[in-house]
Protein chains: 2
Amino acid sequence: MSILKGMRVVEGSAFVAVPLAGMTLAQMGAEVIRFDRLGGGLDAGRLPLAPSGQSLFWAGLNKGKKSIAVDMKAPEGRELITRIVTAPGDDAGLFLTNLRVRGWMDYESLSQHRDDLIMVSLSGDRHGRPQVDYTVNPALGIPDITGPEGYPDPVANALPAWDLIAGNLVVSSLLAAERHRLRRGVGQNVDLSLKDVAAATLGHLGMIGDAVVNEAPRSKSGNALYGAYGQDFLCADGQRVMVIGLTDRQWRGLVEATGIADEISGLEARSGRSLREEGARWDLRHDITAILAPWFAARRLADFAADFDRRGLTWSVFRTVKEAVAQDPDLSTDNAMFRMLHQPGLGTFPVPGMPATFSEAARNAPVAAPVLGEHTEEILSEVAQLDDTEIAGLFDRGVVADHSSLQGRAA
Amino acid sequence: MSILKGMRVVEGSAFVAVPLAGMTLAQMGAEVIRFDRLGGGLDAGRLPLAPSGQSLFWAGLNKGKKSIAVDMKAPEGRELITRIVTAPGDDAGLFLTNLRVRGWMDYESLSQHRDDLIMVSLSGDRHGRPQVDYTVNPALGIPDITGPEGYPDPVANALPAWDLIAGNLVVSSLLAAERHRLRRGVGQNVDLSLKDVAAATLGHLGMIGDAVVNEAPRSKSGNALYGAYGQDFLCADGQRVMVIGLTDRQWRGLVEATGIADEISGLEARSGRSLREEGARWDLRHDITAILAPWFAARRLADFAADFDRRGLTWSVFRTVKEAVAQDPDLSTDNAMFRMLHQPGLGTFPVPGMPATFSEAARNAPVAAPVLGEHTEEILSEVAQLDDTEIAGLFDRGVVADHSSLQGRAA
């Protein structure tokens, strides 16, 4: 049995954060219903695409959900969404959204239909202005500290890190509010913004304090591990590796594995610093790198990989995503988290389930994303509790659509 | 009242992910007890530091927790940790860790003392090998797609994104398992690894599918928004801005605000592509950028900022972290999430609370991190339920320490 079996969550969303939240809940066993307008959400065609033109992105972030397509411009469509969001059930009445809808879709309106509703809303910033991962990040200064030392321009993250963190906080917030409801019987409105998530994280990592109390806070440091020792090196065979000397144990292991103890002693004597201090390793990182670089340049990966592993060093090779997918068993069905899924229009590739395993719950196999409108009829019947005549009327009036009627429209 | 008021969580941790998880629970109102060895954890001195030499990082990630310092090499110290982790209480028996301790600190041993224990363990990878954010990231290929187009080398994230995501998943997993225990009375062991979190995320974002089904998956694209339009521009006054045309609405707004409709029509005619399609905006991003660059180069930020805001464009300036802290009200006490705290040894600066606000719970003001061992006596008395004589004996035998005795040791 899944850990969240029986919970029902409704999601009105687009892009990364809230879809990820709903998908995470679905992978823990909740029934998650995503509603979209008839043509699909704002993220329906988001890249990357498969050769068919269908979105691999959408399929990835909406795995295991149920999909209903509704004309939300029609009053009847809005009533329907309201009915689905506020449908009865002890473990229902849970709504996630990042759509900016004032009026019928806000907490005040929806909670009139179910007073213990829990609604979690993610906005761009606390002022209600539109912000996305790609604007929050430069506003807070991360691109300024990303990239090679001395590189003149800011460098953006390739990963939508803030969206991913915010989506996970949406999950935590929902579960915390639902815990409160289980104990006290009251629902609530939960608000958070992407920019606040990012701003709080900067504070948690000590970067706000660093900027206030230090003259010269952190700047670009290339691929170095910030604050201790960690660096990338090119090997004789063109492979690049990352080696870590963050903890004392890691550092000693690295020094021993590469046989540089004498050079390190020399550097300590010259500098008057003990490299057993992580701050000294950071300050003297270029000197340490100069000692290590010839060692790696003279060796192929195969010359030291097994020894590094045997010694328990913390290290890794650099790969492209394509190489990682082709070569790393952790990204294959050798890893029980992955399952090979054939998804029509997309292809066959390893699809991940929930990274956490629960000893009292079976590992849920990942389930493919729905086709837009795939569950329209089922949701109208089972959740909105409409009868066949009512459902037929909604289809006839074009208020809802299912997969086959949407295919007809598109053709 | 806080949303998680009454919950008690014990944390044995270091670095980012698990400390962040405990801190997030503390900021939602849980009592979180972090235990460390007498000299402090592996992360006690992690950079950034204040001029005093104290860690801003540690203070940021351990806010609002209680601290106990215990000699875990002594059998008595291990018994004590076991007693604290498994102490009675309906809302207790919750343990988070990323320490690799086999034997007395694993689930099998601890659950013998409390059979409904919930333990969430984060490891490096599923094989038990040591991995950190800085090694997981290159192994999965993110540095290969980060950085300027054509830049020859991989570029690491400055942000420990995987740690931050994993820490939030630790919170979700704990809350999901505790929900299960509330309903069914059973605890459990929850395992996840940093590398699996990252591998799953790659899949969720469609990147594994992209690598498998497409010949040429995503590569470096500088500061461009991947998959639609978004780009950074230098203005006449040296300011740099990021502008977004991800959705149709954002794109139309950008075209109108900059008055480039005619040039865009010309580009559409020349290319035979409609730029109302996000994929066409991505394919033709360099052409769009060439049209927009002179517009920004001819203007100062102040010439267009108010108009962009009035039109509701999604955009931002680039800042350094120091500039952001100095200039952006969202990173100041103008934002109710922040509170100005004076922390001895660190300084006075804005400290963030929980980004989510709960309508049924007061916003918790952030609370500073403890000093190592600050709550040793309180925890021994109230959680381990030892009497004064037993507590005095533990101090005398050096099994535990509090702040004053640790200061004595250090001197």
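Just above, that's the structure.
About the criteria used
- Residues numbered from 1 in each chain as written.
- Chains lettered and ligands numbered in written order.
- Predicted model: local features only at pLDDT ≥ 70, side-chain atom pairs only at ≥ 80, totals over all residues.
- Heavy atoms only, no water.
- Pairing = 2+ DSSP bridges.
- Helix = DSSP H or I, 4+ residues; strand = E, 2+ residues; numbered from the N terminus.
- Contact = heavy atoms within 4.5 Å.
- Axes fitted to C-alpha atoms, helices over the stretch in contact; angles between N-to-C directions.
- Buried < 20%, exposed > 50% of the residue type's maximum accessible area, 1.4 Å probe, protein only.
- Lys, Arg positive; Asp, Glu negative; His and termini not counted.
- Salt bridge = Lys/Arg side-chain N within 4 Å of Asp/Glu carboxyl O.
- Polar contact = N/O pair within 3.5 Å; in protein donor to acceptor, adjacent residues only side chain to side chain.
- Buried area = accessible area lost by both parts, 1.4 Å probe.
- Nonpolar A, V, L, I, M, F, W, Y, C, P; charged D, E, K, R; others polar.

Asker: Could you clarify how one ought to interpret the sheet that holds strand β13 (residues 400–401) of chain A in this entry?
Answerer: By way of backbone hydrogen bonds, the strands of a sheet pair with one another, either parallel or antiparallel. Here eight strands make up an open sheet; going across it, the order is β13(A)-β3(A)-β2(A)-β1(A)-β4(A)-β5(A)-β6(A)-β12(B) and the pairing mixed. With partners counted over all chains shown, the strands left at the sheet margins are β13 of chain A together with β12 (357–358) of chain B, one partner each. Strand direction decides the pairing type here: strand β4 (residues 94–97) of chain A and strand β5 (residues 118–123) of chain A, joined by four bridges, are parallel. Paired with Leu94 of chain A across the two strands is Ile118 of chain A, which belongs to β5 of chain A. Relative to β5 of chain A, helix α6 (residues 161–184) of chain A is tilted by about 160 degrees, and along the sheet it contacts β1 (8–12), β4, β5 and β6 (188–193) of chain A together with β12 of chain B.

Asker: Got a minute to help me understand the side chain of Arg46 of chain A in this structure?
Answerer: Take Arg46 of chain A: it is sitting in the loop between β2 (31–36) and α2 (56–61). The buried charged residue Arg46 of chain A lacks any salt bridge, with Glu278 of chain B as its nearest oppositely charged partner at 4.5 Å. Separated by 2.8 Å, the side chain of Arg46 of chain A and the backbone oxygen of Tyr226 of chain B make a polar contact. Sequence-distant contacts of Arg46 of chain A, that is, excluding residues within four places in its chain, are made with Phe15, Ser55, Phe57 and Tyr134 of chain A together with Leu225, Tyr226, Gly227, Ala228, Leu246 and Glu278 of chain B.

Asker: Looking at this structure, how should I read the interface of chain A and chain B?
Answerer: It is common to give the size of an interface as the accessible area lost on bringing the parts into contact. Between chain A and chain B, the residue contacts involve 154 residues of the former and 154 residues of the latter. Counting each side, the surface lost to burial between chain A and chain B is near 12300 Å², with a carbon and sulfur contribution of 63%. For chain A, the biggest contributors to the area lost against chain B are Arg179, His204 and Leu205 of chain A; these three give 6% of the whole. Linking chain A with chain B are 18 salt bridges, by the criterion used here. Salt-bridge contacts for Arg126 of chain B lead to Asp330 of chain A; the nearest nitrogen and oxygen are separated by 2.7 Å. Seen at the junction of chain A and chain B, the total is 56 residue pairs in polar contact (both at pLDDT 80 or more). For the side of chain A that touches chain B, the leading source of residues is α6 of chain A, giving 18 residues. Its residues assigned to classes, the side of chain A that touches chain B comprises 87 nonpolar, 40 polar and 27 charged. Taken together, the two bridges between strand β12 (residues 357–358) of chain A and strand β6 (residues 188–193) of chain B define a ladder with antiparallel strand orientation. The residue of β6 of chain B that forms the bridge with Phe358 of chain A is Val190 of chain B.

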